[in-house]
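Listed here are the chains, written in short residue letters.
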Amino acid sequence: MALEYSFILEKIQLSNDDLITELGKLGVKLDINKIEKMTKGIQITETNEILGFTLALLDTSDSYFGYESEYFINEFKDQQDLSFRLNKFYDWEKAMINILTIVFELIDNVYSNCIFEFNGDTIYLVKKNEVIYVNNNTSFWDNENFKRFIEHRKFVLLNTNEII
């Protein structure tokens with residue numbers, strides 16, 4: 001089973017250029033001709049060996065269903081999804097640091113409610129109405145290298161079965 005993390009946005013806020021810029025900040029120089037164009041987005045595989053993941057930016061605005069979670073009364077109706085699929089032969093922790101670097105740079109620059117989640121069912125973080133909610137029920141944020149992304153921020157710790 002592939003490990004997949006998603007940064008899901010309630011509004012379309014990211015462009016292909018935004019993604020290319022963020023990857024450039026991590027030292028990745030993409031060959032624009034190798035970016036795979038899809039009907040509703042793009043896929044980038046060049047990052048698999050360099051950063052430890054492939055990624056896809058997709059327009060999900062015409063989806064009939066939203067993201068369901070115990071933390072929401074109603075579905076989180078997303079319009080855009082930035083998915084990261086991990087390279088199983090790459091150092092997991094290094095790949096996660098690269099992913100979190102991108103995700104937190106985007107969180108700081110988008111004005112949309114958003115979710116960072118794992119494999120479609122584990123929420124690690126929610127930004128709703130400019131408040132950051134962190135779920136540490138799986139101890140994900142106990143890793144010192146991951147904790148540094150949240151320790152200097154104001155956030156609310158999510159409790160099990162809490163509704164936001």
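The structure this text deals with has already been given above.
Residues numbered from 1 in each chain as written. Predicted model: local features only at pLDDT ≥ 70, side-chain atom pairs only at ≥ 80, totals over all residues. Heavy atoms only, no water.

Tyr 5, Phe 7, Leu 82, Phe 84, Ile 99, Phe 116 and Trp 141 are the most contacted members of the largest nonpolar core, which totals 41 residues. Here this core takes 10 residues from helix α3 (residues 92-109), the largest share from any one element. Sequence-distant contacts of Tyr 5, that is, excluding residues within four places in its chain, are made with Leu 82, Ser 83, Phe 84, Leu 86, Trp 92, Met 96, Ile 99, Phe 116, Glu 117, Phe 118 and Tyr 124. The next biggest cluster of nonpolar side chains, apart from the first, holds 11 residues, and it includes Tyr 67, Tyr 71, Ile 123 and Val 126. (Core = buried A, V, L, I, M, F, W, Y, C linked by side-chain atoms within 4.5 Å. Buried < 20%, exposed > 50% of the residue type's maximum accessible area, 1.4 Å probe, protein only. Helix = DSSP H or I, 4+ residues; strand = E, 2+ residues; numbered from the N terminus. Contact = heavy atoms within 4.5 Å.)

The interhelical angle for the contact between helix α1 (residues 16-25) and α3, taken along N-to-C directions, is 130°, at an axis separation of 10 Å. One way to sum up the angle between α1 and α3 is to call them oblique. The crossing of α1 and α3 is right-handed. Within the contact between the two elements, α1 uses Glu 22, Leu 23 and Lys 25 and α3 uses Ile 102, Glu 105 and Leu 106. Each residue belonging to the contact of α1 with α3 can be placed in one class, and the counts come to three nonpolar, no polar and three charged. (Axes fitted to C-alpha atoms, helices over the stretch in contact; angles between N-to-C directions. Parallel < 35°, antiparallel > 145°, perpendicular 65-115°, else oblique. Left-handed = near helix turned anticlockwise from the far one by under 90°. Nonpolar A, V, L, I, M, F, W, Y, C, P; charged D, E, K, R; others polar.)

Taken by themselves, the reported measurements are silent on function.
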